[in-house]
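What follows is the residue order along each chain.
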Amino acid sequence: MKHALEKSSLAISLSWQAVLIFLLSLFIFFLLTPHIVAELDLPRGDEPYYLLIAHSLLYDHDIEMSNNYAQKDYWSYYPEELLPHRSQTKRPGWYEKHSIGLPLLISPAYALGSRLGTVLWLNVLAALLSANIFLLAREVTGKTFPALSTWLATVFTNPLFSYSFLIFPALPATLLVTYAYRRSRLATGNAAWQTFLVSICLAFLPWLHPRFLLIVLPLGAFFLFKRHYRWPALLLFIIPLFLSGILLMSYYYYLYGTIVPNYHDHAGAQGVLGTINGLFGSFLDQQWGLLVYSPIYMLLFAGLVRLWKERRSELFWIAVIGLPYLLFIANYHLWWGEWCPPARYLVPLTPLFVVGIASAIASIRARTFNIIAVILLMLSLGIMGIFLWHPKLMYNHPTGQSVLLLWADQYLDHVELSGLFPSFVVLSLRTYPLALPWLAAIAYLIFLSWDRLSPQRQATQL
C-alpha cells in the first residue's frame, strides 16, 4: 500500500512538472511569435502552400486549387506571385503535391487568425511537445536535473525551436512520434484511452507525409512488442490504424488512380554513394547540418554508447525505429529539405535523440565531459539566439556556403568561418577532410563515455 501511494504521489508530481513545463514553454513561444512573424514578413518554402490548401478546405470544401490561384486567395499573407506546386494527378483539375494532413490540422486556427493564428496554434503543439520531451527524458533517467537539461538542450535550440514558429509538418509529426514512443516504452503499460491515443498518433502521421510510414510501422511493432494492451483494448489500437489506412489509400486512388503516393511529385532517390553523402550532410553540412547549428546533439553519440553498455534492448529499438527513416531521407536526392531551416528531415527523430542525450547527461560523470557539454549547450543556444534575432539567417540556397557563417565573417578579422565547414550539397575535394575534426570530436566524446559507468551501475558491480 505504501509503495502504491508513493508511486501515485510521484505520478502527480511529474504531472504538475509537465504542466509547468508546458505553460513556461507556451509563454516563451507566444512571447517570441510576433517578432518572428514580423521578421519573416512572408511565409517561406512550403508554408504558403499549406495555408492555401487550408483556405480551400475551409471556404471551397475541396482541394482543387485552380480557382484559389486564379483568385489570388494567398494575397492576404503572401502579397506576391505564388508559383503552384502542382501534383501529377490522373484526376482532372489542379491539385497540390503537398500532403493534406497539415492543412487539416491547421484549418481551424487559419479560420480564426490566418497566418498568425496558425503559428500560435503551432506554438501550442510545440509546448505540448516540450512537456512530452521533458517527461520522456525524466522517464529515461529517473531524475529531474538531466530531464530539465535535456529539455533545455533540445526544445530551445535548432531544429525544434526553429520549427515551433514555422508551418511545416515537422513539428506536429514530432509531437505524435514523441507521445507514441513515450507510451510504448513504459513498462507499466497503458490505460485503454492511452492505447487509443497512441493509435491515433500513428494513424495520422502518414497524412502529414507518406515518409512517416517508415516510423509508423516499426513504432507500432514496438508498442505491440511491449504488450501495452488487454485483448479488448487491442481493438482500440487496431481500428484507428485500419480505418486510416483504408482512407489514405482511397485518397491516393482518388488523385492518382493507385493506392500509393505519387513518386513523381518528388525529386527522387540517389545511389549508395549519394546516400552516404546525404547521411554525413544531414549532420555536418555547413548549410543544413544538425550538428553545425546545434552542436549539443553531439552528446547523442556518447549517449548511444551508454545505451550499448547499459540498456541494449532500448538501443536496439531506437535503431529499428530510427534507421529506416534516417537512411530513407539520406537517400532522397534533396536530403537537405530545400528552402527551410537546418535539419528539417531529422526533426521527427528528436525523441530518439532525446533518449541518447538524456542518458549521456545522467550517467557520464567525467569532469571534462561536463565542461564540453556546457560549451556545446552555450554554442547551440547562442546560434538559436542569432536565428531569433535575425530569422532570415535560417534559410539557405544550395550554394555550398552558409548564410549564417557568411554573416559572421563580416565581424571577424583574418578568419573565414564559411571556409572551415564542409559542404555536402556542393561537394569539393575539401569536403571530407573538413569533416574530420567533427568526427574526431565525436570520437573523443565516445571515448569519454565508454568506461564511465553511472553511480548506480558502479554500485551494482561493487
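Above this text sits the structure in question.
Scope of this entry: the structure provided in the associated data block.

The rules we used
- Residues numbered from 1 in each chain as written.
- Predicted model: local features only at pLDDT ≥ 70, side-chain atom pairs only at ≥ 80, totals over all residues.
- Heavy atoms only, no water.
- Phe/Tyr/Trp six-rings, centres within 6.5 Å; stacked < 30°, edge-to-face > 60°.
- Buried < 20%, exposed > 50% of the residue type's maximum accessible area, 1.4 Å probe, protein only.
- Helix = DSSP H or I, 4+ residues; strand = E, 2+ residues; numbered from the N terminus.
- Lys NZ or Arg CZ within 6 Å of the ring centre and 35° of its normal.
- Salt bridge = Lys/Arg side-chain N within 4 Å of Asp/Glu carboxyl O.
- Expected span 1.5 Å × (residues − 1).
- Bend = angle between axes of the 7 residues up to and from the residue.
- Contact = heavy atoms within 4.5 Å.
- Axes fitted to C-alpha atoms, helices over the stretch in contact; angles between N-to-C directions.
- Parallel < 35°, antiparallel > 145°, perpendicular 65-115°, else oblique.
- Left-handed = near helix turned anticlockwise from the far one by under 90°.
- Nonpolar A, V, L, I, M, F, W, Y, C, P; charged D, E, K, R; others polar.

1. Digging into the packing of aromatic side chains
(1) Moving on: Throughout the structure, instances matching the rule amount to 33 aromatic pairs.
(2) Moving on: Pairing Tyr 163 with Phe 168 gives two aromatic rings, centres 5.5 Å apart and planes at 85°, and the pair type is edge-to-face.
(3) Moving on: With relative accessibility at 1%, the residue Tyr 163 sits in the buried group.
(4) Moving on: Relative to Phe 447, the ring of Tyr 444 has its centre 6.3 Å away and its plane inclined at 25°; by these criteria the two rings are stacked. Highlighted residues: Tyr 444 and Phe 447, both in helix H18 (residues 431–450), separated by three residues, approximately one helical turn.
(5) Moving on: Here Tyr 444 falls in the partly exposed class, since its relative accessible area comes to 38%.
(6) Moving on: Residue class for Phe 447 comes out exposed when judged on its relative accessible area of 52%.
(7) Moving on: Here the aromatic residues Phe 29, Trp 151, Phe 156, Phe 161 and Phe 165 are joined through ring pairs into a cluster of three or more.
(8) Moving on: Its end group placed over the ring of Tyr 395, Arg 44 keeps NZ or CZ at 5.9 Å from the ring centre.

2. Concerning the pattern of salt bridges
(1) Moving on: Summed over all chains, the structure comprises eight salt bridges.
(2) Moving on: Here Arg 311 and Glu 314 are joined by a salt bridge, their closest N and O atoms 3.2 Å apart.
(3) Moving on: Accessibility expressed as a relative area gives 11% for Glu 314, which makes it buried.
(4) Moving on: One salt-bridge network, held together by shared partners, links Asp 41, Arg 44 and Lys 392.

3. What to know about H18
(1) Moving on: Its 20 residues give H18 an end-to-end C-alpha distance of 29 Å, which sits within 8% of 28 Å, the value for a rise of 1.5 Å per residue.
(2) Moving on: Along its length, H18 reaches its greatest deviation from straightness, about 25°, at Pro 437.
(3) Moving on: Looking at H18, one finds that the buried residues are Thr 431, Leu 434, Ala 435, Trp 438, Ile 442, Leu 445, Leu 448 and Ser 449.
(4) Moving on: Residues of H18 that are buried sit in contact with helix H11 (272–284), helix H12 (290–293), helix H13 (299–310) and helix H16 (367–389).

4. Section: helix H7 (residues 170–185)
(1) Moving on: Here H7 is 16 residues long and its end C-alpha atoms lie 22 Å apart, about the 22 Å a rise of 1.5 Å per residue gives.
(2) Moving on: With 16 of 16 residues buried, H7 is to be regarded as a mostly interior element.

5. Concerning the packing of helix H5 (residues 144–155) against helix H15 (residues 350–363)
(1) Moving on: Viewed as axis vectors pointing N to C, H5 and H15 meet at an angle of 130°, and their least axial separation amounts to 9 Å. In terms of orientation, H5 lies oblique with respect to H15. Taken as a pair, H5 and H15 cross one another with a handedness that is right-handed. Between H5, through Pro 146, Ser 149, Thr 150 and Thr 154, and H15, the contact on the second element is made entirely by Val 354, Ile 357, Ala 358, Ile 361 and Ala 362.
(2) Moving on: Partitioned by chemical class, the residues of the contact of H5 with H15 number six nonpolar, three polar and no charged.

In short, geometric facts, not functional conclusions.
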